[in-house]
Amino acid sequence: MKYSLCTLLAFAAACPAMAGFAQPTKAVKLDYAQKQTTVVFEADCAITAATPHCDCTTVSINGNRLTAVVDTSAFDASVDKTIAATTADGAQTTLTMKFDVPQAVIFTPAALIWKVGEAPTPKVLHITVPKGSPVKSLKEAGLEGEDFIYKAAKGKKKGEYTVTVTPKSTAKRLRNRLVIKMESDNPLYAQRIIMLRVNK
């Protein structure tokens, strides 16, 4: 949206001395596989320009009110998205939307790592499917690479699984990927990649 010079000058004259956004950062809680959400920001004077930093976000301006419509269909983890906004007094503000995305599957730890030269002992990946998750179950685990040995098993409780991984050797740096495939009606949750590494 563009304004004439006269309009911008009128807006600037109407701005208080300490103009700005009361809440430049907003926390937004999403549901599983939520496709879209709307976030509204308000300034103390007219907003003259706004540029989102992600193609997932579109913005509209109405006076001192900015409305952001965000496509959240690809969000599978908590993430921040920002918008560069300018008010009539010339001040520029980065507006931040902090999206809290519930985890459909919890992996602990996020990666399995050994150090070069340490004993090639097994490490266990714990997998938990929370109640209400769009993931129904763990289908299978597979290895991309030949440097590790792994074994998947069901846990004692429903929705719990483990994958025990052991490097064949820790004599040098290694990197393989453990592919966890899951049963879900939403392709967003079809699989996850867990890195297996032997680092220096």
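Up top is the structure these notes are about.
Asker: So what about the pairing of strand E2 (residues 36-42)? Which residues, and what values?
Answerer: The alternating pattern of E2 places Thr37, Val39 and Phe41 on a buried face, while none of Gln36, Thr38, Val40 and Glu42, on the opposite face, is buried. With 7 bridges connecting them, E2 and strand E5 (residues 65-71) associate as antiparallel partners. Looking at the pairing, valine 39 lines up with alanine 68 of E5.

Asker: Break down the sheet that holds E5 for me, with residues and values.
Answerer: Judged by pairing direction, the sheet is antiparallel, and its 3 strands sit side by side in the order E2-E5-E4 without closing on themselves. Two strands lie at the open edges of the sheet, namely E2 and strand E4 (57-62), each paired on one side alone. Pairs of neighbouring strands in the sheet enclose a mean axial angle of 20°, with direction left out of account.

Asker: Which residues make up the pattern of salt bridges, and what values do they have?
Answerer: Under the definition given, this model contains 7 salt bridges. Among the salt bridges present, the one from glutamate 140 reaches lysine 181, with a minimum N-O distance of 3.9 Å. Of this pair, glutamate 140 sits in strand E11 (residues 135-144) while lysine 181 sits in strand E14 (residues 174-184), and the two are 41 residues apart along the sequence. By relative accessible area, lysine 181 is classed as partly exposed at 36%. Among the ionic pairs, glutamate 144 bridges to arginine 177, the shortest N-O distance being 2.8 Å. Taken together, the residues glutamate 144 in strand E11 and arginine 177 in strand E14 connect sequence positions 33 residues apart. Among the residues examined, arginine 177 registers a relative accessible area of 33% and is labelled partly exposed.

Asker: Help me get a handle on unusual backbone geometry, residues and values and all.
Answerer: For the peptide bond that leads from threonine 108 to proline 109, omega is -5°, which places it in the cis range. Non-glycine residue alanine 33 carries a positive phi angle of around 55°. Take alanine 33: it is sitting in the loop between strand E1 (25-29) and E2. Overall, the relative accessible area of 27% leaves alanine 33 in the partly exposed class.

Asker: Before we move on, can you summarise the environment of alanine 84 with the specific residues and values?
Answerer: Mapped onto the secondary structure, alanine 84 falls in strand E6 (residues 79-87). In this structure alanine 84 comes out as partly exposed when scored by relative accessible area, which is 29%. Alanine 84 has contacts with Ala49, Ala50, Thr51, His53 and Thr93, leaving out every residue within four places of it along the chain.

Asker: How would you explain the side chain of serine 133 if you had to name every residue and give the values?
Answerer: Within the fold, serine 133 resides in the loop between strand E10 (123-128) and E11. A residue is classified by how much of its surface remains accessible, and serine 133, at 13% relative accessible area, is buried. Within polar-contact distance, the side chain of serine 133 engages the backbone oxygen of alanine 104 at 2.7 Å. Once residues within four sequence positions are removed from consideration, serine 133 is found in contact with Tyr32 and Ala104.

Conventions we followed
- Residues numbered from 1 in each chain as written.
- Predicted model: local features only at pLDDT ≥ 70, side-chain atom pairs only at ≥ 80, totals over all residues.
- Heavy atoms only, no water.
- Buried < 20%, exposed > 50% of the residue type's maximum accessible area, 1.4 Å probe, protein only.
- Helix = DSSP H or I, 4+ residues; strand = E, 2+ residues; numbered from the N terminus.
- Pairing = 2+ DSSP bridges.
- Axes fitted to C-alpha atoms, helices over the stretch in contact; angles between N-to-C directions.
- Salt bridge = Lys/Arg side-chain N within 4 Å of Asp/Glu carboxyl O.
- Contact = heavy atoms within 4.5 Å.
- Polar contact = N/O pair within 3.5 Å; in protein donor to acceptor, adjacent residues only side chain to side chain.

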